[in-house]
Structures are given as C-alpha cells and as structure tokens.
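# Descriptive analysis of the structure
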Amino acid sequence: MTSLARPRPAAGEPAVVRVPVSDPRVRPLLRELGDEYSARYGKDAHAELARYPDEEFTAPHGGVLLLLLEHDEPVAGGAFRRYDAGTAELKRIWTHSAHRRRGLARRVVAELEHEAAARGYRRVYLTTGPRQPEARGLYLRTGYTPLFDTEADPETIGPLPFEKHLPHAPHGLAPV
C-alpha cells in the first residue's frame, strides 16, 4: 500500500494544476502524445486520444486531468477516469519532449494516485503499449503489478495492463 501523503515538491519544482481538456495548455500534451504514438505504432493515434469524452476527465464524472507547469508552461501531465466504482484508470501520462529524464512522469503518477485515493478510489488500473518500454519501466519502478507475463514478448501481448492498490480513503471520504 502507498501512503496517502501528498508528494511535496521541492522549491522551484513545477506547480500542479487541475484543468479541463479544453484548457489551451493541454494541447501540447495531446499533440505530442498523438505524434509519439503514431511514430511508435505506425498509424494515426490522435483518434485514440479522442476515444474517451472529455467530461470523463472531470470531477463530476470521477476523473481529473493534471498538468505540471513551469512558468505557466506545461512540462508534464496526466489524467484518470472512472474505470469502475472502486478503480481509477490512468490515461495520457506525458512529459514534454524538452523536459524528459527529470522524474516528472513519476511525479505525475504520484499526484494522480494521491488524487484518486483522496476521491475514494481503492485501485488504479492502466495499460501501456508494447512499444513503450519507458512507460513499462516507470510503472514497474513505482510499485505497479503487471497483469501480464513479463517474460513474454510484449508484441505478442498487445496493451500491457498494470494495477496498483491504493490506501483506504481518509475517514469521512466516500468513494466517488
């Protein structure tokens, strides 16, 4: 189990903001994710990013979209949506191409986990593509349990599913 304590950014670290998908600062996230997926999988992946309605990433629908901002510019972000009554599904984990190798994706995941636990979710679920070894490594390093054979060729599996159980919600918080 993980602690419910919110990760504390060091002085000068990016600020965390909750934003709707329509916020203009989300555009670099969606554009870079679409371009990256298209390059890795050889097809236009921008449609995959539009697969879920934007409202699924809002609080009334059990979701959230977070950005990490430096000087009001997005450097990383991610979201979750309600997967089922007790599970949040992480989506759209991204680090700006000019800001990689700084631990920002790890911070995004930690922030999303904290937000999900605070909303009463007990579990986080996600999938990543078989051609995304960086993402696979991130989830393994941050305590996610692979729901696939890690010895198998990822290309034979398809999307690689992971889960992580969250701590119980603080007293008084009901599941979303």
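This section reports on the structure supplied with the text. (Residues numbered from 1 in each chain as written. Predicted model: local features only at pLDDT ≥ 70, side-chain atom pairs only at ≥ 80, totals over all residues. Heavy atoms only, no water.)

The seven strands lie next to each other as β1-β2-β3-β4-β5-β7-β6, forming an open sheet whose pairing is mixed. Of all strands in the sheet, those bounded by a partner on one side alone are β1 (15-18) and β6 (145-146). In this structure, strand β5 (residues 123-128) lies alongside strand β7 (residues 160-165), joined through six bridges in antiparallel fashion. Paired with leucine 126 across the bridge in β7 is phenylalanine 162. Sheet contacts for helix α3 (residues 104-118): β1, β2 (64-70), β3 (73-84), β4 (87-95) and β7; angle to β3, the most-contacted strand, approximately 40 degrees. (Pairing = 2+ DSSP bridges. Helix = DSSP H or I, 4+ residues; strand = E, 2+ residues; numbered from the N terminus. Contact = heavy atoms within 4.5 Å. Axes fitted to C-alpha atoms, helices over the stretch in contact; angles between N-to-C directions.)

For the rest of this paragraph, the subject is α3. Taking 1.5 Å of rise per residue, the 15 residues of α3 would be expected to cover 21 Å, and the 21 Å separating its terminal C-alpha atoms lies within 8% of that figure. Inspection of α3 places Leu104, Ala105, Arg107, Val108, Val109, Glu111, Leu112, Glu113, His114, Glu115, Ala116 and Ala117 among the buried residues, and these make up the whole buried set. Check the buried side of α3 and you find it contacts β1, β2, β3, β4, α4 (133-141) and β7. (Expected span 1.5 Å × (residues − 1). Buried < 20%, exposed > 50% of the residue type's maximum accessible area, 1.4 Å probe, protein only.)

Attention now goes to the side chain of arginine 119. Following the sequence through the fold, arginine 119 ends up in the loop between α3 and β5. A distance of 2.7 Å separates a polar atom in the side chain of arginine 119 from the backbone oxygen of glycine 63. (Polar contact = N/O pair within 3.5 Å; in protein donor to acceptor, adjacent residues only side chain to side chain.)

Enumeration according to the criterion identifies five aromatic pairs in this entry. A ring pair is formed by phenylalanine 80 and tyrosine 121, whose centres lie 5.7 Å apart and whose planes are at 85 degrees; its orientation type is edge-to-face. A residue pair is termed long-range when its members are at least 10 positions apart, and phenylalanine 80 in strand β3 and tyrosine 121 in the loop between α3 and β5 qualify at 41 residues. In this structure phenylalanine 80 comes out as buried when scored by relative accessible area, which is 0%. For tyrosine 121, a relative accessible area of 0% corresponds to the buried category. With centroids separated by 5.7 Å and ring planes inclined at 70 degrees, the aromatic side chains of tyrosine 139 and tyrosine 144 adopt a geometry described as edge-to-face. Here the two residues tyrosine 139 and tyrosine 144 agree in accessibility, since each one is buried. Three or more aromatic residues link up through ring pairs in this structure, and these residues are Tyr139, Tyr144, Phe148 and Phe162. (Phe/Tyr/Trp six-rings, centres within 6.5 Å; stacked < 30°, edge-to-face > 60°.)

Turning next to the pairing of β4. With nine of its nine residues buried, β4 lies for the most part within the structure. Summarising the sheet, β3 and β4 pair through seven bridges and their orientation is antiparallel. Along β4, the bridge assignment pairs aspartate 84 with threonine 87. Counting the residues that bridge the hairpin from β3 to β4 gives two residues. Assessed by its sense of winding, the connection that carries the chain from β4 through α3 to β5 is right-handed. (Right-handed = clockwise from strand over helix to strand, strands pointing away.)

Inspection of the secondary structure assignment puts aspartate 23 in the loop between β1 and α1 (27-41). Within the structure, aspartate 23 has its side chain in polar contact with the backbone nitrogen of arginine 25 (distance 2.8 Å).

Turning our attention to the environment of arginine 136. As for its position among the elements, arginine 136 is in helix α4. Since its relative accessible area comes to 17%, arginine 136 is described here as buried. Sequence-distant contacts of arginine 136, that is, excluding residues within four places in its chain, are made with Thr128, Phe148, Thr150, Pro154, Leu160 and Phe162.

Interaxial distance between α3 and α4 falls to 11 Å at its minimum, and their mutual angle equals 55 degrees. By the criterion of interaxial angle, the relationship of α3 to α4 is oblique. Both α3 and α4 take part in a crossing whose hand is right-handed. Along its contact with α3, which presents Ala105, Arg106 and Val109, the element α4 presents Leu138, Tyr139 and Arg141. For the contact of α3 with α4, the per-class residue count stands at four nonpolar, no polar and two charged. (Parallel < 35°, antiparallel > 145°, perpendicular 65-115°, else oblique. Left-handed = near helix turned anticlockwise from the far one by under 90°. Nonpolar A, V, L, I, M, F, W, Y, C, P; charged D, E, K, R; others polar.)

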